[in-house]
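# Observations on chain architecture
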Amino acid sequence: MKKNKLTVAPFDDIHLIGINSTLVDYKLAYHFNNTLKFNFIRLNEILLDNVLPYAFFYYNAGENHNAFNLVAMRNKEHVCVKLNPQIDYLLIVREHITDEKLNQLVKGVRGLNGVTYAYLMDLSKVPALDILLERIEMHELECLETLNH
């Protein structure tokens, strides 16, 4: 008897946009807020590699809309994850988004001042990001819990 195996991706409804930029984190967040009409707020820095802090921004577009994280992947001394092509920031898009809106978002990010390039990342081709995404998700929950108290 043949058994069917159900596999569930650990990060359903998550899209990743890798960003290479010459800007420092708060200036990039400013351009997101100003040009793309986001409302990023800076939360506590995140220890992605358990050693050095990295900038962490959060924006929730409201009920039935997307939540976003903008996370620095490098700081002055260190690159958190070595990827090819190398990225400076990771934009995480949570919740369902249509392909059309996602493509518009990538195009909008590419058009931001100081962005060298931006691309949609395939999570299945970068398994090293799984653990990183778990840390980011836990960090976000801790930060939001602190904000709500």
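For the structure, check the block above.
Throughout what follows, the structure given in this document is the object of discussion. (Residues numbered from 1 in each chain as written. Predicted model: local features only at pLDDT ≥ 70, side-chain atom pairs only at ≥ 80, totals over all residues. Heavy atoms only, no water.)

This part is about the overall build of the protein chain. Within the protein chain one finds three helices and six strands. Each helix (α) and strand (β) of the protein chain, taken in turn from the N terminus, gives the series β-α-β-β-β-β-α-β-α. For 149 residues, the compact-globule formula gives about 15 Å, and the C-alpha radius of gyration of the protein chain, at 16 Å, lands near that figure. Reported as C-alpha extents along the three principal axes, the dimensions of the protein chain are approximately 60 × 40 × 35 Å. (Helix = DSSP H or I, 4+ residues; strand = E, 2+ residues; numbered from the N terminus. Rg over C-alpha atoms; globule rule 2.2 N^0.38 Å.)

What follows covers the pattern of salt bridges. A complete count under the given rule lists four salt bridges for this structure. Linking Asp 88 and Arg 74 is a salt bridge whose minimum nitrogen-to-oxygen distance equals 2.5 Å. Remark: Arg 74 occurs in the loop between strand 4 (67–72) and strand 5 (89–94) and Asp 88 occurs in the loop between strand 4 and strand 5; sequence separation between them is 14 residues. Overall, Asp 88 belongs to the buried group, its relative accessible area being 7%. Classification of Arg 74 as partly exposed rests on a relative accessible area of 34%. Through salt bridges with shared partners, a single network forms among Asp 25, Arg 42 and Glu 45. (Salt bridge = Lys/Arg side-chain N within 4 Å of Asp/Glu carboxyl O. Buried < 20%, exposed > 50% of the residue type's maximum accessible area, 1.4 Å probe, protein only.)

Before going further, it helps to spend a moment on the nonpolar core. With 51 residues, the main nonpolar core has Ile 19, Phe 32, Phe 40, Leu 91 and Ile 136 as its most contacted residues. In contact with Ile 19, not counting residues within four places along its chain, are Leu 28, Phe 32, Leu 70, Ile 87, Asp 88, Tyr 89, Leu 91, Val 109, Val 115, Tyr 117 and Ala 118. (Core = buried A, V, L, I, M, F, W, Y, C linked by side-chain atoms within 4.5 Å. Contact = heavy atoms within 4.5 Å.)

Okay, the environment of Asn 66 next. For Asn 66, the location among the structural elements is in the loop between strand 3 (53–60) and strand 4. For the pair Asn 66 and Leu 43, spaced 23 residues apart in sequence, the C-alpha to C-alpha distance is 18 Å. Setting aside residues no more than four positions away along its own chain, Asn 66 makes contact with Tyr 59, Asn 60, Ala 61, Val 93, Arg 94, Glu 95, His 96 and Ile 97. A polar contact of 2.9 Å, which involves the side chain of Asn 66, links it to the backbone oxygen of Arg 94. (Polar contact = N/O pair within 3.5 Å; in protein donor to acceptor, adjacent residues only side chain to side chain.)

Nothing here speaks to function; it is geometry throughout.
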